[in-house]
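Summary of structural features
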Amino acid sequence: MKLNELTAHEIGELIKKGEVSSEEVTKSVFKRIEKVEKTINSFVTLIKDEALKQARLVDEKIRKKEKISPLAGVPIAIKDNMCIDGVLTTCSSKILENFKSPYDATVIKRLKENDLVFIGKTNMDEFAMGSSTENSAFKITHNPWNLETIPGGSSGGSAAAIASDEAILALGSDTGGSIRQPASLCGVVGLKPTYGRVSRYGLVAFASSLDQIGPLTKDIRDCALLMNLISGYDERDSTSCDYPVPDYTKSLINDIKEVRIGVPKEYFVKGMDEEVEKSVKDAIRLLEKLGAKIEEISLPHTEYAVAVYYLLATAEASSNLARYEGVKYGRRSQVAGHRSLIEMYEETRGEGFGDEVKRRIMLGTYALSAGYYDAYYLKAQKVRTLVKEDIDKAFEKCDCLITPTSPTPSFKIGEKIDDPLKMYLSDIFTISTNLAGIPGISIPCGFTKADLPIGLQILTKPFAEETILRVAHTYEQHTDWHKRKPRI
Ligand code: GLN
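What you are looking at is a predicted structure, and each value in this text was computed from that prediction instead of being measured.

1. Section: the sheet that holds strand β10 (residues 440-447)
Strand order in the open sheet formed by 11 strands is β1-β3-β2-β4-β6-β5-β10-β11-β9-β7-β8, with mixed pairing between adjacent strands. Among the strands making up the open sheet, the edge pair consists of β1 (43-46) and β8 (293-297). For this sheet, the mean angle separating the axes of adjacent strands, direction not counted, is 30°. Pairing geometry for strand β5 (residues 189-192) and β10, over three bridges, is antiparallel. When the bridges of β10 are listed, Leu 191 appears paired with Ile 441.

2. Here we look at the layout of surface pockets
As a volume, the largest pocket reaches approximately 390 Å³. Looking at the largest pocket, it is lined by 24 residues, and the ones nearest its centre are Thr 7, Lys 218, His 482, Lys 483 and Lys 485. Secondary-structure elements contributing two or more residues to the lining of the largest pocket are α1 (8-16), α5 (156-163) and α15 (465-477). For the lining of the largest pocket, the per-class residue count stands at eight nonpolar, six polar and 10 charged. One number sums up the size of the second largest pocket: a volume of about 320 Å³. Together, 17 residues line the second largest pocket, and Tyr 103, Leu 203, Val 204, Ala 205 and Arg 323 are the ones closest to its centre. The residue inventory of the lining of the second largest pocket, partitioned by class, reads 10 nonpolar, two polar and five charged.

3. Focus on the environment of Gly 18
Considering the arrangement of structural elements, one finds Gly 18 in the loop between α1 and α2 (22-40). What makes Gly 18 exposed here is its relative accessible area of 53%. For the pair Gly 18 and Arg 63, spaced 45 residues apart in sequence, the C-alpha to C-alpha distance is 8.4 Å.

4. Topic: the pairing of strand β6 (residues 212-217)
A regular strand carries its side chains on alternate faces of the sheet. Within β6, six of the six residues are buried, leaving the element largely enclosed by the surrounding structure. Inspection of the sheet shows strand β4 (residues 169-174) paired to β6 by five bridges, in the antiparallel sense. Bridge pairing in β6 places Leu 171 opposite Pro 215. Bridge analysis of β5 against β6 gives two bridges, and the strand direction is antiparallel. Within β6, the residue paired with Val 189 across the bridge is Thr 217.

5. A closer look at the packing of helix α4 (residues 106-113) against helix α7 (residues 220-230)
Two elements in contact, α4 and α7, have axes whose closest approach is 9 Å; the angle formed by their N-to-C orientations is 110°. Classified by the angle between their axes, α4 and α7 sit roughly perpendicular to one another. Contacts between α4 and α7 pair Val 107, Arg 110 and Leu 111 from the former with Leu 226, Leu 229 and Ile 230 from the latter. The class makeup of the residues in the contact of α4 with α7 is five nonpolar, no polar and one charged.

6. Considerations on the nonpolar core
Counting residues in each nonpolar core, the largest one holds 104 residues, and the members touching the most others are Leu 111, Leu 171, Ile 441 and Ile 458. Tallying contributions element by element places α7 first for this core, with eight residues. With 33 residues, the next largest nonpolar core counts Met 124, Val 306, Leu 312 and Leu 321 among its residues.

What counts and how
Residues numbered from 1 in each chain as written. Predicted model: local features only at pLDDT ≥ 70, side-chain atom pairs only at ≥ 80, totals over all residues. Heavy atoms only, no water. Pairing = 2+ DSSP bridges. Helix = DSSP H or I, 4+ residues; strand = E, 2+ residues; numbered from the N terminus. Axes fitted to C-alpha atoms, helices over the stretch in contact; angles between N-to-C directions. 1 Å grid on protein atoms, 1.4 Å probe; cavity = no way out; pocket = protein on both sides within 12 Å on 5 of 7 lines; lining within 4 Å. Points joined across faces, edges and corners; volume = space filled by probe spheres on them. Nonpolar A, V, L, I, M, F, W, Y, C, P; charged D, E, K, R; others polar. Buried < 20%, exposed > 50% of the residue type's maximum accessible area, 1.4 Å probe, protein only. Parallel < 35°, antiparallel > 145°, perpendicular 65-115°, else oblique. Contact = heavy atoms within 4.5 Å. Core = buried A, V, L, I, M, F, W, Y, C linked by side-chain atoms within 4.5 Å.

Just geometry here; none of it tells us what the structure is for.
Here you go:
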């Protein structure tokens, strides 16, 4: 096996023992990128020289026998909505095309302290709005399992980079499913942590009450190791929680006896994709065989989740995106002779934002406007509470919930791009998680006849990521979906 095909924990071990250098690993990753990036398009920015420099510094530390972290020297790809000092952060938007971040996001700072090697920034739906990565202003990312299909979104570049072995680890962000859905469609592991578990400082805001950063990885151990580094309180994010961070690798036990798993009946509906349904039900049967207690439960307000999300997320986005006006940073319209400041704002925003972002700003502004606020925004907030109460009630009876991650496997590029409603329904199984602030993971649980990956979603109570990791790890020990590689 080539170095870039290994997991992060395997590479971390080899580096620690001095059997390979971080430089060799980093070079193998860039060799892979040179070979397949033209076909996949996972990245919007590559930082090869900086990465090799960073890798040599880690190797130097190892030669000097300095103490290093378990992931020291491992190459990681970062979604392009997280700030790395001195590197472009575009959010795949023309409005930030030339924006170089002047500081590090907290997650980046922590990864730097632990000597991870940053290889580049990954493609995404513009400002994380989308489910297919087709909303990027720069390029379309292809699913490594079938180049004619989408990788999911909005963290499609990160998921595709992991699936194609162009990166060993990646970070994504999840507001309504953007880590889990692409993980599912690309056959990798993707975890959205509890709201408040990982600092959002330096993550470009989409919908602040829902956004959360999390890992995309090749297996559960890598996910646990990365969580160890990025989790924890940060005084720079007022919504981050001062709650102890466990050693997540301690949850990697191959035993789920007596774990109570709830299966929400609203997530298995008539007309859903048969292959997805079969794979997920097979996985549930396997977990039962391994000792879990399975129980059907009900989350009656599920049917409102998509509507609630698209009111709240757009309302928050319309406010967050008001800051892009071409004055302090980012793109400014070069049209000559603006007659007023307002005209300059309008030109700048008109040129800089893509259609989906404009659609959401308009929807959100409408939902917040005087006269409509009570009918839309306030009502959506109330229904959000009902969705959360359903979930709280479920966790009185169960330790975790299991559902499909996405109602369908990957779909053809272009298939849903002209039908926003159809696209919005891609997140029907992931959105409630964000509304309730709970953690959720997607792990590979099968393939369709056409060889497209299928994902299983596991949800737990706030700050119970350890239960997720335990169940996911046990499942992984008894299956080998996660070991399959696409032929590119
Ligand atoms: N697909 C959803 C949306 O378009 C979720 C995006 C996300 O999680 N960032 O809003």
